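# Fold and contact review
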Amino acid sequence: MGQVEERLKAHGHELPHPPAAVAAYVPVVRTGSLVITSGQLPMLGKEVMFTGKVGRELPEEDGAHASRMAALNAIAQIKAEIGDLDRVTRVVRVEGYVQSAPGFTRQPAVINGASELLLLAFGEAGRHSRIAVGVSELPLNAAVEIAVWVEVS
Amino acid sequence: MGQVEERLKAHGHELPHPPAAVAAYVPVVRTGSLVITSGQLPMLGKEVMFTGKVGRELPEEDGAHASRMAALNAIAQIKAEIGDLDRVTRVVRVEGYVQSAPGFTRQPAVINGASELLLLAFGEAGRHSRIAVGVSELPLNAAVEIAVWVEVS
Amino acid sequence: MGQVEERLKAHGHELPHPPAAVAAYVPVVRTGSLVITSGQLPMLGKEVMFTGKVGRELPEEDGAHASRMAALNAIAQIKAEIGDLDRVTRVVRVEGYVQSAPGFTRQPAVINGASELLLLAFGEAGRHSRIAVGVSELPLNAAVEIAVWVEVS
């Protein structure tokens, strides 16, 4: 177990078995030094754990929890592709889509769940760029969808 | 004002602000080994063939048809840039935005229209990562918008 | 001051102090020859200058102004990262999210505010690919969110 996984474990985060793609695509692709995940949902096994609109069915705190869970799945996907997470030289980007109730504009607080996990896992290399937007509907009624790009050596 | 404009004006037609959308961006850009399309709509010629919200005005199957048509346009854009589609070594990513009716959460089934076409076209190299999200509004009331990234040799 | 900044200044655009990220991430990341900004809002200093839904609280023209302001912030972020904007060899991509009123489908006209500024600043190298989508909610109720990717030498 490398340093990245040790740090995650020390904070109580165990890498899940990486979820299968839910349709006709693959969960992660490498091109050159970039490894890019597909959109990850807050799944545990085959179940979406956080559904509904953040700001209505779900409080913001649960949205942040959902984005952390989706990011953990993204890290698991990256590990499945590259083997050793310590090869990540930089987290390049997080794309965060929040299934938002009308009038909910605190998407940044929700996506911080993912961002803070990546900082925890990768330290200085975890400092990433980000988009965070609110959308009306997400696959399987998931509360969030997160994609992560990393650079590997 | 020239004679053409004078004639138009005499018939009640005022020249609009020049259609900046055509000039203000390009349909495809290459950077290094990546070729990235702009968002493609389900257009045939100058007409958007599938409009409205998927799950309300449009059934899911039409949404999938629309995403296939948009992906075909993306492939055409890539061919215009690189000349020979056999130079594509990998389809890296599909970004799929589905103009979704409230409560419609089957965006993956819609974007499968695009994904399956890319698999058909590129075989093993067509296995791509993907995001699929539902949005409330798209340009020209299009049912879907699709962007495609490929890696070329 | 390089040529890019001279052109902007000649057209009355002064680069702002680049806005701080609003949460646990950084405003810009370089990977290889790509420099990618986080989503930029139409901020002046610490204030979002254009809020509300385009097509309802805000007319399209104000949406275009908002996207120009967000793009100016993106350019400022890129300058903070690479020092000299004349090192930009290509604007690769603009991602434009428009907080849209129900039924508003002129996102391209809104994002043209950003696209035209980039063409003005970077000339031929400013010709970029683009996605433009309408979303229901954006952070801080901003009218638009814009991310920009550039290639540097």
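For the structure given in this document, a descriptive report is provided here. Just so we're clear, the structure is a prediction, and the values are computed from it rather than from any experiment.

### So, the packing of aromatic side chains
Applying the stated rule across the entire model yields 3 aromatic pairs over all chains. On the numbers, 5.4 Å between centres and 80° between planes, the contact of A:Trp149 with B:Trp149 is edge-to-face. Of the two residues, A:Trp149 is situated in strand 7 (residues 144–152) and B:Trp149 in strand 7 (residues 144–152); the pairing between them involves two chains. For B:Trp149, a relative accessible area of 0% translates into the label buried. What links up through ring pairs into an aromatic cluster is the set A:Trp149, B:Trp149 and C:Trp149.

### Here we look at the interface of chain C and chain B
Each side of the interface is counted separately: chain C has 29 residues, and chain B has 26 residues. Its largest share of buried area at the contact with chain B, chain C owes to C:Arg93, C:Thr105 and C:Arg130, together 21% of the area lost on that side. On inspection of chain C and its partner chain B, the count reaches 1 salt bridge. One salt bridge in this structure joins C:Arg93 and B:Glu95, with 2.4 Å as the shortest N-O distance. The tally of links from chain C across to chain B stands at 9 residue pairs in polar contact (both at pLDDT 80 or more).

### Observations regarding the pattern of salt bridges
Evaluation of the coordinates by the stated rule reveals 20 salt bridges over all chains. Salt bridges here are not isolated pairs; linked through shared partners, they connect A:Arg93, A:Glu95, B:Arg93, B:Glu95, C:Arg93 and C:Glu95.

### Here's the deal with the relation of the copies chain C and chain A
What connects the two chain copies is a rotation about an axis and a shift along it. Screw-axis analysis of chain C against chain A gives a translation of 0.0 Å along the axis, an RMSD of 0.0 Å, and a rotation angle of 120°. The superposition of one copy onto the other is thereby described by a three-fold rotation axis. The share of interface residues of chain C whose copies in chain A are also at the interface is only 16%, consistent with the copies meeting through different surfaces.

### A closer look at the relation of the copies chain C and chain B
For these two chains of identical sequence, chain C goes onto chain B by a turn of 120° and a shift of 0.0 Å along the axis, with RMSD 0.1 Å. When the interface residues of chain C are mapped onto chain B, a mere 14% of them again fall at the interface, so the copies present different faces.

### Regarding the sheet that holds strand 2 (residues 34–37) of chain B
All names here are of chain B. Here we have 5 strands laid out as an open sheet, ordered 1-2-7-5-6, and mixed in their pairing. Sheet topology places strand 1 (28–31) and strand 6 (129–135) at the edges, where each strand pairs with a single neighbour. The sheet shows a mean angle of 15° between the axes of neighbouring strands, direction not considered. Bridge analysis of strand 2 against strand 7 gives 3 bridges, and the strand direction is antiparallel. Following the sheet pairing, Ile36 is matched in strand 7 by Trp149. Sheet strands in contact with helix 4 (residues 107–122) are strand 5 (88–99), strand 6 and strand 7, and its direction is about 160° off that of strand 5.

Procedures and definitions
- Residues numbered from 1 in each chain as written.
- Chains lettered and ligands numbered in written order.
- Predicted model: local features only at pLDDT ≥ 70, side-chain atom pairs only at ≥ 80, totals over all residues.
- Heavy atoms only, no water.
- Phe/Tyr/Trp six-rings, centres within 6.5 Å; stacked < 30°, edge-to-face > 60°.
- Helix = DSSP H or I, 4+ residues; strand = E, 2+ residues; numbered from the N terminus.
- Buried < 20%, exposed > 50% of the residue type's maximum accessible area, 1.4 Å probe, protein only.
- Contact = heavy atoms within 4.5 Å.
- Buried area = accessible area lost by both parts, 1.4 Å probe.
- Salt bridge = Lys/Arg side-chain N within 4 Å of Asp/Glu carboxyl O.
- Polar contact = N/O pair within 3.5 Å; in protein donor to acceptor, adjacent residues only side chain to side chain.
- Least-squares fit on C-alpha atoms with pLDDT ≥ 70 in both.
- Pairing = 2+ DSSP bridges.
- Axes fitted to C-alpha atoms, helices over the stretch in contact; angles between N-to-C directions.

By themselves, these are just geometric observations and shouldn't be taken as functional.
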